[in-house]
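Here is how the chains run, residue by residue.
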Amino acid sequence: MENNEQGKLGLLPCVTILTGGCIGSAIFSLSGMTMYYAGPAVILTWIIAAVILGLYGIMVAELSIRYPKSGGMFVFPAKAMNKKWGFVSAWGYLISNCIAVAFSAIYVATYLGVGFPALAPLQVPLALISIVFVTVLNLLQITAAGKFNNLLVALLVVTMVVYGVVAFTHSNFNWGNFSNFFEGGMGTFGWIQAVPNAMVAYGSVVSIAFMVSEVKNPNRTVPKSMAISLILVVFLYLMMIAGTVGHLTTQYLIDNPGMRFIPMFAVAWTSMSNIPWLSKLISISAFIALITTMLVVQAINARAMSSMAEEGMLPAVLAKSNKNNAPSVSTIVLAAAAAALSCFPSITELLVNLGSITAALTIVIVCMALIQSRKKLPYVEGNYRAPGGDGLVIFTIIVIVVTYIPAIFNGGAQMWIFTAILYVVGLVVMAYYTGKEKK
């Protein structure tokens, strides 16, 4: 058995990192869009998204044991196939995660502004401050920030449970809102079209695998922490979504498009308006969730970029680390990119769709890397191995592709064009550094 002792992160900090990384902007904002798309069937949407990312998670867990080096989104395809595939995979990952950090920063400002009106005019400054804050924490190294993250995640879980209990026990909760289960704003099959957006909410469930060199006993800790955190996250998500649907009809979201990105506030202002402190609770909960997501996503993104630089696929300076062994230059560069995007909150929906598409393409490449890795490296008895063989990997790829078919035929073409442009830029960068390597 390999890798019994490696880094410092044990099971508890790994679970809190994964839970905090997952619970972010998506449940407090994208959930409203999925409710609008799917109607009450949004519950199926979020369960399906969890299953897909769960399958992906067990595959990434196996890859992390085969290639126990942080920066996995580049490392796994690069080692299993070649560095060009590693670059394409990591390039999409860098894009989607920069967007995730920017999107989260925008909604830090949005939720604070909605819950505390005096802060409403400060949307861009608050977004920038939040990015600077998590950047400083990450420069102090994830293990140092881990104690702070543990506290934030504990508070986050408490606030989400309080919201769920209040929603379900409130006198205005209406089970009738769950009738006409499959009638959403995007038609009978809107619940399928909404799956890619819901998948974004579970994307960080694989974060620990991408930080594997910092994990203690990764052969056990990586898959176990993924399973525990995913179960916890699904429970909290479904509790909040079902609690919200019980107070908010699909027709309301159709008639009030401005409420689709703040569904919990819509409930606090309408059906549960007799609870004056509820909107403050939602603001605090969303703020904590967004900060923890930004903290984790920025950390794993910087490790991916640093790994690319170490392998000569990006400027060497991006591989530099500080005295805390944090990839400092990559962290700062990616923070600057996210900060620039966060200055344009009007492009929020564009960012969401673009990020989900690049993330899906990256997932497919990583799944392919596992198939190739099994051909190249023999299985080591006692190491973690994902069940189902290559058949499960192929099934996962097919499911991901199928969930994106509705987007292609229902207004998603623009997103694919933007995605293509970004990947063309990436291929030019890759060609340049590949050419330098040959010389």
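Since this is a predicted model, take the numbers as computed values, not measurements.

Asks: Honestly, the overall build of the chain in this entry has me stumped. Any pointers?
Replies: Across its full length, the chain carries 17 helices and zero strands. The C-alpha atoms of the chain give a radius of gyration of 21 Å, which matches the 22 Å a tight globule of 439 residues would have. Principal-axis analysis of the C-alpha atoms gives the chain an extent of 65 × 45 × 40 Å. The 439 residues of the chain split such that 59% are buried. Considering only contacts in the chain between residues 6 or more positions apart, those separated by 24 or more positions represent 84%.

Asks: Explain the side chain of Asn138 to me, please; I cannot follow it from the model alone.
Replies: With respect to the element layout, Asn138 can be found in helix α6 (residues 123–139). For Asn138, a relative accessible area of 4% puts it in the buried group. Of the polar contacts made by the side chain of Asn138, one reaches the side chain of Gln298; its length is 2.8 Å. In this structure, Asn138 is in contact with Met294, Leu295, Gln298, Ala299, Ala326 and Thr331, ignoring residues within four places of it in sequence.

Asks: Hey, could you run me through α6 in this one?
Replies: Count 3.6 residues to each turn of an α-helix, and residues three or four apart come out pointing the same way. Under the 1.5 Å per step criterion, the end-to-end length of α6 is 25 Å for 17 residues, consistent within 8% with the ideal 24 Å. For α6, every residue scored as buried is listed here: Leu126, Ala127, Ser130, Ile131, Val134, Thr135, Leu137 and Asn138. Just past α6, the residue Gln141 takes up positive phi, approximately 90°.

Asks: Is there a simple way to explain the environment of Pro378 in this structure?
Replies: By secondary structure assignment, the location of Pro378 is in the loop between α15 (348–376) and α16 (389–409). A relative accessible area of 67% places Pro378 in the exposed class. As a C-alpha pair, Pro378 and Leu139 span 239 residues in sequence and 37 Å in three-dimensional space.

Asks: Just to check I follow, could you spell out the nonpolar core for this structure?
Replies: One recurring pattern in soluble globular proteins is that nonpolar side chains are buried together. Residues Trp46, Tyr56, Tyr163 and Tyr202 are the most contacted members of the largest nonpolar core, which totals 144 residues. Examining the composition of this core, we find that 18 residues originate from one element, helix α5 (residues 83–115), more than from any other. Ignoring anything within four residues of it in the chain, the contact list for Trp46 reads Ala26, Ile27, Ser31, Thr34, Ala198, Ala201, Tyr202, Tyr237, Leu238 and Ile241.

Asks: Hey, could you run me through helix α14 (residues 328–342) in this one?
Replies: Taking 1.5 Å of rise per residue, the 15 residues of α14 would be expected to cover 21 Å, and the 21 Å separating its terminal C-alpha atoms lies within 8% of that figure. Every buried residue of α14 is accounted for by Ser328, Ser330, Thr331, Leu334, Ala335, Ala338, Ala339 and Ser342. Along the axis of α14, the buried positions cluster into a sector of 165°, meaning they face one direction only.

Definitions and limits used
Residues numbered from 1 in each chain as written. Predicted model: local features only at pLDDT ≥ 70, side-chain atom pairs only at ≥ 80, totals over all residues. Heavy atoms only, no water. Helix = DSSP H or I, 4+ residues; strand = E, 2+ residues; numbered from the N terminus. Rg over C-alpha atoms; globule rule 2.2 N^0.38 Å. Buried < 20%, exposed > 50% of the residue type's maximum accessible area, 1.4 Å probe, protein only. Contact = heavy atoms within 4.5 Å. Polar contact = N/O pair within 3.5 Å; in protein donor to acceptor, adjacent residues only side chain to side chain. Expected span 1.5 Å × (residues − 1). Core = buried A, V, L, I, M, F, W, Y, C linked by side-chain atoms within 4.5 Å. Arc of directions from axis to C-beta.

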